Amino acid sequence: MKARLFVLFAGVTLAATSAEAQQGIDTQRCPATTNAQRISQDACQKAIDLFAYLAPQLATSIAGGNATLGMAGSLGGLGHFSAGLRVNALQGSLPQVQNVTLQTNGAANSPAIDTKTQLFPMPTAELAIGVFKGLPLAITNVGGVDLLVSAAYLPEFNSSGVSVKVPNGSLKLGYGARVGILQESLLVPGVSVSYVRRDLPTVNIAANSGSDSLYVNNFSLKTTAWRVVASKGLLLFGLAAGVGQDKYESSTDIGAHVAARTVPPTQAVNTVPVSLSQNITRTNVFADLSMNLLLFKLTGEIGQVSGGTISTYNTFNGKQAADSRIYGSVGARFGF
């Protein structure tokens, strides 16, 4: 599990690109004006493309769909709450970087990089607290307000030449708010608008592969999401559906040591640390099905993200960077 976790983070944090996707070689970040730069240009460009390919997938697994699984309307004011655990999992594509042969005479975009279908899971705890009941209107309330809090946890580990550190702590809190357009009642569905920010803890990674080393410092991934959701309970079961928009922001500082090669003969290279970032916006649609038990509500969710433009110099077998992605969530919550 830790090995797979590193493969995901190492691939994601190899490098980052700007908001404007690169269609050709990014000569600003990966120049080849000197012999040392030419030796490392292919590794540099592939790192940028791996980030562009993987970062949105990891971000979707953090953002998920519904702000509170299986629920849309506001809670009903002070004294009401909902607490739960959920696991988001994206049906992603993991580049098989172990099969990639790096060129030492400039960047090359052939052959296409193989990928493997991979679930990217992200466990999260979440809490909703009623703040304002809303204004009474016929058989419902309008304008109710809830405070939303979430927490993601990423452990440190050191294994098989890979060190993952979280300098600011393993726990990262998220926050947001939900405004109820309609509070759910016997005859009226719940309808709400929500805004949530969920981030990943800051990560430092050091990895050794043979004589080569990779250093990734201050990797940060932030997600913001707004949602419009409607829900209705049907005795034992409940249904919810929604649509919204996700914004993913990431940044990191990278450096590497490329060992000398004998075939062809090349010198060892230490890259200069580079600070990079990426932003992307995607559309998110989802549907929830809940089962109401005595104390808990169990919920399953299916969703899809799409949109945004991500052009890469290297190509990937299977889905490309900006293709739509399917994700799912399962969770349990209780409240009053």
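Since the model is a prediction, treat every value here as computed from it, not as a measurement.

Caption draft 1: Just the pairing of strand 5 (residues 144–153), in detail. Where strand 2 (residues 115–132) meets strand 5, eight bridges bridge the pair, whose relative direction is antiparallel. Within strand 5, the position partnered with Ala125 by the bridge is Ala151. Where strand 5 meets strand 8 (residues 171–182), 10 bridges bridge the pair, whose relative direction is antiparallel. Each residue of the ladder has a partner; that of Tyr153, found in strand 8, is Leu171.

Caption draft 2: Quick look at the side chain of Asn141. Inspection of the secondary structure puts Asn141 in strand 4 (residues 140–142). A residue is classified by how much of its surface remains accessible, and Asn141, at 13% relative accessible area, is buried. Only 2.9 Å separates the side chain of Asn141 from the side chain of Gln183, close enough to count as a polar contact. Sequence-distant contacts of Asn141, that is, excluding residues within four places in its chain, are made with Lys133, Gly134, Leu135, Pro136, Ile181, Leu182 and Gln183.

Caption draft 3: Structural view of the environment of Ser324. Inspection of the secondary structure assignment puts Ser324 in the loop between strand 16 (297–306) and strand 17 (325–335). The spacing of Ser324 and Gly307 is 17 residues in sequence and 7.1 Å in space, taken between C-alpha atoms. Other than its neighbours up to four places away in sequence, Ser324 contacts Arg282, Gln304, Val305, Ser306 and Lys319.

Caption draft 4: Representation of the environment of Ala67 in the model. Positionally, Ala67 belongs in the loop between helix 2 (35–63) and strand 1 (81–95). Residue Ala67 is classed as buried on the basis of its relative accessible area of 6%. Distance in space between the C-alpha atoms of Ala67 and Tyr195 is 7.9 Å, their sequence separation being 128 residues. Ala67 has contacts with Arg86, Glu126, Leu148, Ser194, Val196 and Arg198, leaving out every residue within four places of it along the chain.

Definitions and cut-offs
Residues numbered from 1 in each chain as written. Predicted model: local features only at pLDDT ≥ 70, side-chain atom pairs only at ≥ 80, totals over all residues. Heavy atoms only, no water. Pairing = 2+ DSSP bridges. Helix = DSSP H or I, 4+ residues; strand = E, 2+ residues; numbered from the N terminus. Buried < 20%, exposed > 50% of the residue type's maximum accessible area, 1.4 Å probe, protein only. Polar contact = N/O pair within 3.5 Å; in protein donor to acceptor, adjacent residues only side chain to side chain. Contact = heavy atoms within 4.5 Å.

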